[in-house]
Amino acid sequence: MTTIDPSLYLKSQQQTRSVDAGSNSMLGKDDFLKILMTQLQNQDPTSPMKDKEFISQMTSFSTLEQMTNMSTAIEKLTQAQNFAPVVKYSSMIGKQVSYKTKNENGTVTGAETSEVLAVTKKQNTVELELRNGEKISTDQIMRVADQPD
């Protein structure tokens, strides 16, 4: 009977993995699949992997794949949420808004009305660009109305 060279066994091979400073050092689904395939190729023919072990590993692989898919979907959802405030306030374009005016000290000095021309997202806030040249934060708005005919 032929014997299998022990150096081919996965557990006896020295595993090296270079990790960039910015890369993820966790094993991914491709790594898991490579390990499983290597294990299947190098198993001892006189005592093959038991069915329960194989099913358990395939279940783990399936779970890993689903978690990867969920992670990708959540990342896409998060990116879409970045545009949500702009979409929310885009319905104000063409409307008349009344807003609080403030002096250099931040004290409210009065109110003005102007037409909304555009909506812009700046960092964590949404600004409305008005016909009168002002750019205001949405928290300054006191009233929204249709354009008078």
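Cut-offs used in this document
Residues numbered from 1 in each chain as written. Predicted model: local features only at pLDDT ≥ 70, side-chain atom pairs only at ≥ 80, totals over all residues. Heavy atoms only, no water. Helix = DSSP H or I, 4+ residues; strand = E, 2+ residues; numbered from the N terminus. Buried < 20%, exposed > 50% of the residue type's maximum accessible area, 1.4 Å probe, protein only. Contact = heavy atoms within 4.5 Å. Areas by Shrake-Rupley, 256 points an atom, 1.4 Å probe, with all protein chains shown as cover. Pairing = 2+ DSSP bridges. Axes fitted to C-alpha atoms, helices over the stretch in contact; angles between N-to-C directions. Salt bridge = Lys/Arg side-chain N within 4 Å of Asp/Glu carboxyl O. Core = buried A, V, L, I, M, F, W, Y, C linked by side-chain atoms within 4.5 Å.

K.L.:
Looking at this structure, I do not really get the overall build of the protein chain. What am I missing?
P.N.:
A count of helical and extended segments in the protein chain gives three helices and five strands. In sequence order, the secondary structure elements of the protein chain are arranged as α-α-α-β-β-β-β-β. Burial analysis of the protein chain (149 residues in total) assigns 17% to the buried set. The long-range fraction of contacts in the protein chain, counting pairs at least 24 apart against all pairs at least 6 apart in sequence, stands at 44%. A total accessible area of about 11,600 Å² is found for the protein chain, and carbon and sulfur atoms account for 52% of it.

K.L.:
It is not clear to me how the pairing of strand β1 (residues 96-102) should be interpreted in this structure. Could you clarify?
P.N.:
Where a strand is regular, its side chains alternate between the two sheet faces. Taking burial as the measure, the seven residues of β1 include five buried ones, the bulk of the element. Pairing of β1 with strand β2 (residues 108-122), which is carried by seven bridges, proceeds in the antiparallel orientation. Following the sheet pairing, Ser-98 is matched in β2 by Thr-113. In textbook terms, the turn of a hairpin is the stretch between consecutive antiparallel strands, and for β1 and β2 this stretch comprises five residues, one of which, Gly-106, has a positive phi near 90 degrees. Pairing of β1 with strand β5 (residues 141-145), which is carried by four bridges, proceeds in the antiparallel orientation. Within β5, the residue paired with Gln-96 across the bridge is Ala-145.

K.L.:
Sorry if this is basic, but what is going on with the sheet that holds strand β3 (residues 125-130) here?
P.N.:
Hydrogen bonds between backbone atoms are what pair the strands of a sheet, whose relative direction is either parallel or antiparallel. Strand order across the open sheet formed by five strands is β4-β3-β2-β1-β5, with antiparallel pairing between neighbours. Edge strands, defined here as strands with exactly one partner in the open sheet, are β4 (135-137) and β5. The average angle at which neighbouring strand axes cross in this sheet is 45 degrees, direction not considered.

K.L.:
Whenever I open this one, the pattern of salt bridges confuses me. Can you help?
P.N.:
For side chains bearing opposite charge, pairing can occur when the charged atoms are close. The tally for this structure, following the rule as stated, stands at two salt bridges. Lys-95 is the partner of Asp-146 in a salt bridge, and the nearest nitrogen-oxygen pair spans 2.6 Å. Residue Asp-146 is located in the segment after β5, and its partner Lys-95 is located in the loop between α3 (84-89) and β1; the two are separated by 51 residues in the primary sequence. With a closest N to O distance of 2.8 Å, Glu-115 and Arg-131 form a salt bridge. Pair noted here: Glu-115 is in strand β2 and Arg-131 is in the loop between β3 and β4, with a separation of 16 residues, a long-range link.

K.L.:
Is there a simple way to think about the nonpolar core in this case?
P.N.:
Buried together is how nonpolar side chains tend to be arranged in soluble globular proteins. In this structure, Met-92, Val-97, Tyr-99, Val-116, Val-119, Val-126, Leu-128, Leu-130, Ile-136 and Ile-141 together form the largest nonpolar core, which totals 10 residues. For this core, the secondary-structure elements that each account for two or more residues are β1, β2 and β3. The element best represented in this core is β3, accounting for three residues.

K.L.:
Is there a simple way to explain the environment of Glu-134 in this structure?
P.N.:
By the element assignment, Glu-134 lies in the loop between β3 and β4. Through-space distance from the C-alpha of Glu-134 to that of Ser-114 is 8.8 Å; in sequence the pair is 20 residues apart. In contact with Glu-134, not counting residues within four places along its chain, are Tyr-99, Leu-128 and Glu-129.

K.L.:
Help me out: how do you make sense of the side chain of Gln-96 in this one?
P.N.:
Tracing the backbone shows Gln-96 in strand β1. Relative accessible area serves as the criterion here: at 19%, Gln-96 is assigned to the buried category.

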